[in-house]
Amino acid sequence: MPVESVFPRLEALLPHVQKPIQYVGGELNSTVKDWDACDVRWALMYPDAYEVGLPNQGVMILYEVLNEREGVLAERTYSVWPDLEALMREQGVPQFTVDAHRPVKAFDVFGLSFSTELGYTNMLTALDLAGIPLAAADRTDEDPIVLAGGHAAFNPEPVAEFIDCAVVGDGEQAVLDITAIVRAWKAEGRPGGREELLLRLAKTGGVYVPRFYDVEYLPDGRIARVVPNAPGVPWRVSKHTVMDLDEWPYPKQPLVPLAETVHERMSVEIFRGCTRGCRFCQAGMITRPVRERSITGIGEMVERGLKATGFEEVGLLSLSSADHTEIGDIAKGLADRYTEDKIGLSLPSTRVDAFNIDLANELSRNGRRSGLTFAPEGGSERIRKVINKMVSEEDLINTVATAYGNGWRQVKLYFMCGLPTETDDDVLQIGTMAKNVIQKGREVTGQNDIRCTVSIGGFVPKPHTPFQWAPQLSAEDTDARLAKLRDSIRGDRKYGKNIGFRYHDGKPGIVEGLLSRGDRRIGAVIRAVYEDGGRFDGWREYFSYDRWMAGAEKGLAGTGVDVAWYTTRERGYEEVLPWDHLDSGLDKDWLWEDWQDALEEVEVDDCRWTPCFDCGVCPQMDTTIQIGPTGKKLLPLTVVNQGADQPKGAGV
Ligand code: SF4
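Residues numbered from 1 in each chain as written. Predicted model: local features only at pLDDT ≥ 70, side-chain atom pairs only at ≥ 80, totals over all residues. Heavy atoms only, no water.

*Asks:* Sorry, what's going on with the packing of helix α4 (residues 82-91) against helix α5 (residues 120-130) here?
*Replies:* Each pair of packed helices can be described by the angle between their axes along with the distance between the axes. With their axes 11 Å apart at the nearest point, α4 and α5 run at an angle of 25° to one another. Classed by the angle they form, the pair α4 and α5 counts as roughly parallel. By crossing handedness, the relation of α4 to α5 is classed as left-handed. The residues of α5 that touch α4, namely those facing Glu85, Met88 and Arg89, are Thr125, Asp128 and Leu129. Considering only residue class, the contact of α4 with α5 consists of 2 nonpolar, 1 polar and 3 charged. (Axes fitted to C-alpha atoms, helices over the stretch in contact; angles between N-to-C directions. Helix = DSSP H or I, 4+ residues; strand = E, 2+ residues; numbered from the N terminus. Parallel < 35°, antiparallel > 145°, perpendicular 65-115°, else oblique. Left-handed = near helix turned anticlockwise from the far one by under 90°. Contact = heavy atoms within 4.5 Å. Nonpolar A, V, L, I, M, F, W, Y, C, P; charged D, E, K, R; others polar.)

*Asks:* What should I look at first to understand the pairing of strand β17 (residues 499-503) in this one?
*Replies:* Along any regular strand, the residues point their side chains to alternate faces of the sheet. Here strand β16 (residues 451-458) runs beside β17; their pairing, made up of 5 bridges, is parallel. Note on β17: the bridge partner recorded for Val454 is Phe501. Handedness of the β16-helix α15 (residues 475-490)-β17 crossover: right-handed. (Pairing = 2+ DSSP bridges. Right-handed = clockwise from strand over helix to strand, strands pointing away.)

*Asks:* I'm lost on helix α18 (residues 545-555) in this one. Help?
*Replies:* Because an α-helix packs 3.6 residues into every turn, residues spaced three or four apart end up facing the same way. Of the residues making up α18, those classed as buried are Tyr545, Trp548, Gly551, Ala552 and Gly555. The buried side chains of α18 occupy one side of the element, clustering within an arc of 125° when seen end-on. Exposed residues on α18 whose side chains face more than 90 degrees from its buried face are Asp546, Glu553 and Lys554. Elements that come into contact with the buried residues of α18 comprise α5, α16 (507-516), α17 (522-531) and α19 (563-567). (Buried < 20%, exposed > 50% of the residue type's maximum accessible area, 1.4 Å probe, protein only. Arc of directions from axis to C-beta.)

*Asks:* Which parts of the structure should I look at to understand the packing of aromatic side chains?
*Replies:* Any two aromatic rings considered together are summarised by their centre-to-centre distance and by the angle between their planes. As enumerated under the stated definition, the model contains 18 aromatic pairs in all. On the numbers, 5.1 Å between centres and 70° between planes, the contact of Phe114 with Tyr120 is edge-to-face. Accessibility assignment for this pair places Phe114 and Tyr120 in one class, buried. Taking 5.1 Å as the distance between ring centres and 50° as the angle between the ring planes, the aromatic pair formed by Tyr208 and Tyr213 counts as tilted. With respect to burial, Tyr208 and Tyr213 carry one shared label: buried. Among the aromatic residues, those joined into a cluster by ring pairs are Trp81, Phe536, Trp539 and Tyr542. The cationic tip of Arg76 hangs over the ring face of Tyr63; the distance from NZ or CZ to the ring centre is 5.0 Å. For the cation-ring pair, Arg569 lies above Trp565, with the distance from its terminal atom to the ring centre recorded as 3.9 Å. (Phe/Tyr/Trp six-rings, centres within 6.5 Å; stacked < 30°, edge-to-face > 60°. Lys NZ or Arg CZ within 6 Å of the ring centre and 35° of its normal.)

*Asks:* Help me understand the sheet that holds strand β5 (residues 165-166), please; the structure alone is not making it clear to me.
*Replies:* Pairing between the strands of a sheet comes from backbone hydrogen bonds, and it takes one of two forms, parallel or antiparallel. The parallel open sheet is built from 5 strands, whose spatial order is β2-β1-β3-β4-β5. Looking at the sheet topology across the chains shown, the edges are occupied by β2 (72-78) and β5. Examined bridge by bridge, strand β3 (residues 109-113) and strand β4 (residues 145-149) share 5 bridges and lie parallel to one another. Following the sheet pairing, Ser113 is matched in β4 by Gly149.

*Asks:* Hey, could you run me through unusual backbone geometry in this one?
*Replies:* Glycine aside, negative phi is the norm for most residues, and most peptide bonds take the trans geometry. Put simply, Tyr250 and Pro251 share a cis peptide bond, and its omega is -5°. Within the secondary structure layout, Pro251 lies in the loop between β8 (237-238) and β9 (266-269). Omega for the peptide link from Arg288 to Pro289 comes to -5°, which places this bond in the cis form. Following the sequence through the fold, Pro289 ends up in the loop between α8 (282-286) and β11 (291-292). One non-glycine residue with positive phi stands out, namely Lys19, at about 45°. Even without being glycine, Arg190 reaches a positive phi, approximately 55°. Mapping Arg190 onto the fold places it in the loop between α6 (172-187) and α7 (193-203).

*Asks:* Teacher, can you tell me more about empty space enclosed by the protein here?
*Replies:* Here the idea is plain: a probe the size of a water molecule rolls over the atoms and shows the empty space left. All chains considered together, the criterion is met by 3 cavities of 30 Å³ or more. Empty space within the largest cavity amounts to approximately 60 Å³. Lining the largest cavity, in full, are Arg222, Ile223, Arg517, Asp519, Trp565, Tyr566, Arg569, Arg571, Glu575, Val576, Pro578 and Trp579. Its residues assigned to classes, the lining of the largest cavity shows 6 nonpolar, no polar and 6 charged. (1 Å grid on protein atoms, 1.4 Å probe; cavity = no way out; pocket = protein on both sides within 12 Å on 5 of 7 lines; lining within 4 Å. Points joined across faces, edges and corners; volume = space filled by probe spheres on them.)

*Asks:* Explain the layout of surface pockets here, please?
*Replies:* Taken as a whole, the second largest pocket holds about 330 Å³ of empty space. Around the second largest pocket, the lining is made up of 18 residues, and of these Ala106, Asp108, Asp141, Glu142 and Arg190 lie nearest the centre. In terms of residues, the lining of the second largest pocket owes the most to one element, α6, which gives 3 residues.

*Asks:* For this particular structure, what's the right way to read the nonpolar core?
*Replies:* One recurring pattern in soluble globular proteins: nonpolar side chains tend to sit buried together. Counting 117 residues, the largest nonpolar core has Trp42 and Phe110 as its most contacted members. Contacts of Trp42, omitting those with residues within four sequence positions, involve Leu66, Val72, Leu73, Ala74, Glu75, Phe107, Val109, Leu147, Val175, Ile178 and Thr179. One finds Ala403, Ile438, Ile489 and Tyr495 within the second-largest nonpolar core, a separate group that totals 30 residues. (Core = buried A, V, L, I, M, F, W, Y, C linked by side-chain atoms within 4.5 Å.)

See the structure below:
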């Protein structure tokens, strides 16, 4: 049956909303496939506005991986702003995809990628606008399977009531495996309805279906155990890991946005995973092991992607891009290759100890010399040992001195406040570090116009990290500590006016903490906040702490637990954590030992360069660390057939 486009009805609303272009679709490299020629259809959502959602690499990759397959179709949908939401409700226009403006309810699978928990209320808005019941239990065979992925899905319990299933880890192969199961079930005439389909997915051991697990609680509110309640459903659900990134050179044809977005560049993920072992970093822990894309693979992706898009900047993405074993050759090779085209290169995340000035010079060669940003994360040497961020102040000052000596004038430093065991003194040392940076800059350059900006975020303990047991600092204590730092910086006559100070108050961190370490009882809170008008919680102008606290009071009434219980309470070794049945590969005992090491200020090395220290991931997931150097050269890239779309050979 053909599915009608809602565009004619939507079009009439667009003159009355802000930035209507974001709802129109038809971007360069977008795809619209014949609905009837496909038997498995995915609607993919990044649950935020177009300007944030469109550049999301995860969605872009899955969109292409699925659309490349015959008989499979994928379209994108983003959160609509409240002005359009109101009109859609008024006029009965459902949540739609931007590609062919098809109603989301008509698809087989509605996949949402959550990089942060603050997108949960946007999911509920989209479900409701789509005409899909909010509670998974109320859905029928007419509704799509609602599937969550992304880093937040490593603890999907707070949204267990609203999703049908979740996938943890890399999505490329996983979406194809799910497609095959959906296809077979449809071809057989949908035996057993959606219950049977979900059971088939759950039995693979790689798809978490909350309805097949019962949670039992202890009288004190902690979880007693999580038990499968259907035959053949495994006790634990495994993470997916793609081993050879060169086999997955996506996106090949990146989307070029129609409206302004947060990034407008060609992005290439140069490696996945990180074993630096920063204890606060959930992304590093859950994406182990390190898997590098080869230097030739990177060169081919950049060449093809630039041709396909016309972008003038290439972002070399990863959790710590300067750690790629061949980063020097990659940066130099790309800067040489694209000198004439003035293609700029950027490394969105750089560690102080992996940074060197040759690399920085290569990166800035074809573009602007913008400021340098480093993330020491902790102000004192002691707290950096606690978090395992092995950067000494000496390293930082030396790096910065070299940068100033080479013409940079602006340095930004990122820190966190509220780290486990932190005291006021640890945070006050952030100011001392900034002063030392400026002093060194003045010494090296002989000039006084040296600036250093410190930017500080509140620390939120995350699942599957050694800090998953840690108490979170309350919003009041975070604010008080940061006020002391601000006063000490402002009171410094010599350096105060050269130090920029940016920080967020502690309240959003408490909501993020509640959602990230929450269990199924938090579903009622999310629903209460949504019903009270909660939307776009990642946006300062929409976020309301009071709304969340009111929602928590309502949602948690009668449970015996509250916001503090989920956030500022320290957990013990024996406690069953809400996400224990989702297997990230990390051994829970290893995480606990690492937590004890943190308390004793003991550091742990990076297993890329030292023997394996048994975090559990490689044996558990049947994976290995995969790094170079390969000895290959990136460029020159020799295009032997000028007429072809893609480069045919890479010179070695
Ligand atoms: S299992 Fe060993 S080699 Fe693999 S990520 Fe963990 S520590 Fe590193």
